[in-house]
Amino acid sequence: MAFTLITFGTLAKKGRVAPEVTFPSMRVELAGAGIRLLPTFLFMSAALGMAVIGQAVSWLGRLGANSYLGTILAVVVVRELGPLLTALLVLSHAGARNAIDLATTRALGEVEALEALGIDPIHYLVVPRVVGMAVGVFGLTIYFIIGVLGFGYLFAFLNHIALRPGEFATQIANALTGLDFALLTIKTCLFGIAIGVITCYQGLAQPLHLEEVSRASVKAMVQSVMACVLLDMVFILIYLIL
Amino acid sequence: MSAAPNQQITPAIEMDAVTVSAREDSRLSVLEDVDWKVMPGEYWVVGGMHNSGKSDLLALAAGLNPPQKGICRLFGALMPGDLGGPERSRVGLVFDGGKPFHRLTIEENIELPLRYHHVAGEDATAERTREILDLTGLSPWAERQPGTIGRSWEKRLGLARALVLRPELLLLDDPLGGLDSRHLSWWMNFLDELSAGHPFLGKHPVTIVVAAHNLQPWRHQKVRLAVLKQKRFEALGPCSDMSPLSDSLVRELLAGESTVAV
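Within each chain, residues carry numbers counting from 1 in the order of the written sequence. Written order determines the labels here, with chains lettered from A and ligands numbered from 1. The predicted nature of this model means local features are confined to residues of pLDDT at least 70 and side-chain atom pairs, given and counted, to a pLDDT of 80 or more, with totals for whole chains, interfaces and linings taken over all residues. Side-chain numbers come from the whole structure's heavy atoms, not from hydrogens or water.

*Asks:* So what's going on with the pattern of salt bridges? Residues and values would help.
*Replies:* When a carboxyl oxygen of Asp or Glu is within 4 Å of a side-chain nitrogen of Lys or Arg, the pair counts as a salt bridge. Inspection of every chain in the model, using the stated rule, returns 21 salt bridges over all chains. The partner of Glu29 of chain A in a salt bridge is Arg129 of chain A, and the shortest N-O contact between them spans 4.0 Å. Placement of Glu29 of chain A in helix α2 (residues 19-33) and of Arg129 of chain A in helix α6 (residues 121-158) is noted, with a sequence separation of 100 residues between them. Judged on exposure class, the residue Glu29 of chain A and its partner Arg129 of chain A are both buried. Note that Glu115 of chain A and Arg23 of chain B form a salt bridge whose closest N and O atoms lie 2.9 Å from each other. A residue pair is termed interchain when its members come from two chains, as with Glu115 of chain A in helix α5 (residues 110-116) and Arg23 of chain B in the loop between β1 (13-21) and β2 (29-38). We call a residue buried when its accessible area falls under 20% of the maximum for its residue type, exposed when it is over 50%, and partly exposed in between, using a 1.4 Å probe and counting protein chains only. Here Arg23 of chain B falls in the partly exposed class, since its relative accessible area comes to 25%. Taken together, the salt bridges that share partners define one network made up of Glu29, Arg97, Asp101 and Arg129 of chain A together with Arg103 of chain B. Per the convention used, a helix needs a DSSP run of H or I reaching at least four residues, while a strand needs a run of E reaching at least two, with both numbered from the N terminus.

*Asks:* Outline the interface of chain A and chain B, supporting the account with residue identities and numerical values.
*Replies:* Any two residues having at least one pair of non-hydrogen atoms within 4.5 Å are treated as being in contact. At the interface, 24 residues of chain A touch 23 residues of chain B. Two parts placed together each lose some accessible area under a 1.4 Å probe, and the buried area is that loss summed for both. Note on chain A versus chain B: buried area summed over both sides is about 2200 Å², and carbon and sulfur give 60% of it. Among the ionic pairs, Arg103 of chain B bridges to Asp101 of chain A, the shortest N-O distance being 3.0 Å. Under this definition, polar contacts are N or O atom pairs within 3.5 Å; protein pairs additionally need one hydrogen-donor-capable and one acceptor-capable atom, and for neighbouring residues in sequence, both atoms have to be side-chain atoms. Across the contact surface, chain A and chain B share seven residue pairs in polar contact (both at pLDDT 80 or more). Here the side of chain A that touches chain B gets six residues from one element, more than from any other, and that element is α5 of chain A.

*Asks:* Would you mind going over α2 of chain A in detail, with residue names and values included?
*Replies:* For α2 of chain A, built from 15 residues, the straight-helix expectation of 21 Å at 1.5 Å per residue is met to within 8% by its first-to-last C-alpha distance of 20 Å. Within the span of α2 of chain A, buried status applies to Val21, Thr22, Ser25, Met26, Glu29, Ala31, Gly32 and Ala33 of chain A. In this structure, the buried side of α2 of chain A is in contact with α4 (69-107) and α6 of chain A together with α2 (106-116) of chain B. The span you would expect from a helix comes to 1.5 Å times its residue count less one.

*Asks:* Any details on the sheet that holds strand β5 (residues 77-78) of chain B? Residues and values, ideally.
*Replies:* Residue and element names in this part refer to chain B. The pairing criterion for strands is at least two bridges between them, as found by DSSP. The strand order across the open sheet formed by four strands is β2-β1-β4-β5, and the pairing between neighbours is antiparallel. Two strands close off the open sheet at either side, each with one partner strand: β2 and β5. The sheet contact formed by β1 and β2 spans six bridges and is antiparallel. The residue bridging Ser21 from the neighbouring strand is Ser29, located in β2. Between N-to-C directions, angles span 0 to 180 degrees; the directions come from axes that are lines fitted to C-alpha atoms, helices contributing only their stretch in contact. The sheet contacts of helix α1 (residues 54-61) involve β1, β2 and β4 (69-74), and relative to β1 the element is tilted by about 130°.

*Asks:* Describe the pairing of strand β8 (residues 207-212) of chain B, listing the residues and the values that go with them.
*Replies:* The element β8 of chain B is largely enclosed, with a buried count of six among its six residues. Judged by which residues are buried, β8 of chain B turns out to be covered on both faces: Thr207, Val209 and Ala211 of chain B on one side and Ile208, Val210 and Ala212 of chain B on the other are all buried.

Rendered as C-alpha cells:
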C-alpha cells in the first residue's frame, strides 16, 4: 500500500518532469502490455467466444431461450470474464517480464546508479510501467470483449442460430448500462495498476542478488493473481449492491 | 564601516563523527567515528581490504546512504538530501564495474542524465555525448549494449556517465580493479588530467576521491591517502610524506597484496 501511495505521489509530483525520458518509456510499456499482445488476444477472444457461445447455445436451445444469447454473452464477458482474463493474460506476459526486468535491474545495482545520477527510480522505472499497464489492460479488455462478441456471433451464425446481427447488437446494448462501462473502466485500470505496482514492488523494494530474481518474480505473479481475484470479488459485490 | 568578507572555503565532503552503515543492511555499521574533510581540488585515495567499507563510505559521501550516526555534509548541505537536489549534480559516482543500464545502448546510457535533468537542448546533448564518448574511447561502440563490450570498457562507461553532468566532485569505487596495463595507464593519466583541470570540465580541477584495495598505482602520485582498518578511518596525508613501512596494512596496500577482509 505504501509503495502504491509513493508511486501515485511521484506521478502527481513529477508527472511533467523529464517527459522526453518518461513518455517514451510509457510508450514502450504500453506496447509491451498492449499492442504486442494483440495477436495472443485475438486467438484467446476467438477461443472464448466459441466456448461461451457453444455452452450458451447448448443450454439456451434446450430451454428455447436463444433470444437471450446476446444478453448472456454481454453480461458474462463484459462484467466478468473479459476484464479478469485480460488481466491474467497481461500478467503472464508483461507482468512477468516486468518483475524479472526490475529484479535484475535491482540485482545489478542499476537502481543505485540511477540514484547516484539524481534520477528517481520510482519516477523513471515504476511510473511508466504502472501507467502503461493500466492503459494496456483497459485497451486490451475492450479489444478482447469486442473479439469475443464478434467470434461468438460468428460461431452462433455457423450453428444456424436464428439471430440477426441487428438483433444480437440490440440484445447486447440492452443488457449493458452506462454503469457497466464506468465500472469496466475502473476495474480494468485497477487490475493494471495492481499488476504494475505489485510486480514493480517485488522487483525493486528489497536488495536482491541475481539468484533471488526468480523467487521475487514468482512472488510477484502469485500476489498479482491474488490481488486481481480479490478486486474482482469486490466488483462482484458492487454489482450485487447496485 | 567595512567588514572583510569571510573567504572560508566550503569543503566538498565533511564528515563529523560519522558511523557508516552497510548499503545492504542499514543496521550493520562498517565504519565508526569517521572525521574527514575533503577540500575542493584535492585528490584522495582511500585504501582498504575487501569488505572494509570502501563502497559504503563512497555511497554515504555521494549522499546515497544516510549516516547511522554523526553528520555528513556535501558542499555544505546535509546529506542525504533530496534526490533531485542541486548537490547531486555536483557529484559524480563511478561504481565498481560501472553499473551500466543494460537495457540502454552505451550512447543512451550517457545521454540519460542529460535528458532527465534537461541539462542541454537536443543538439547540445548529442554534442556533449559525442565529446565524452571520444574522450573515453567508447565512440566505436556507441550503439552497442553495455554487456557486449567487456568489463574494462564498462568501467569507462561508468566514468563517462558520471562525467557528462560535469561534476565538481568525482567519487570512484575501485576504478583500476581488474584492468590490463593499457587501460590502467589510460585511467591514471585521465584522472591526473581531471585533477589538474580537463577542458571537458572547463579546466576546473575536479575533486577526486578514489576507493581502492590496491594503492600501488598511486605510490608515486601526489595524492592524499587514507586507509580503512578495523572499522576505523585513518587519514594518512600526502602519499609522498608518508613512510609506507610504518603500518603493515599500508605496506600491503601499497604493494598491491591485499586480499583478505579486515
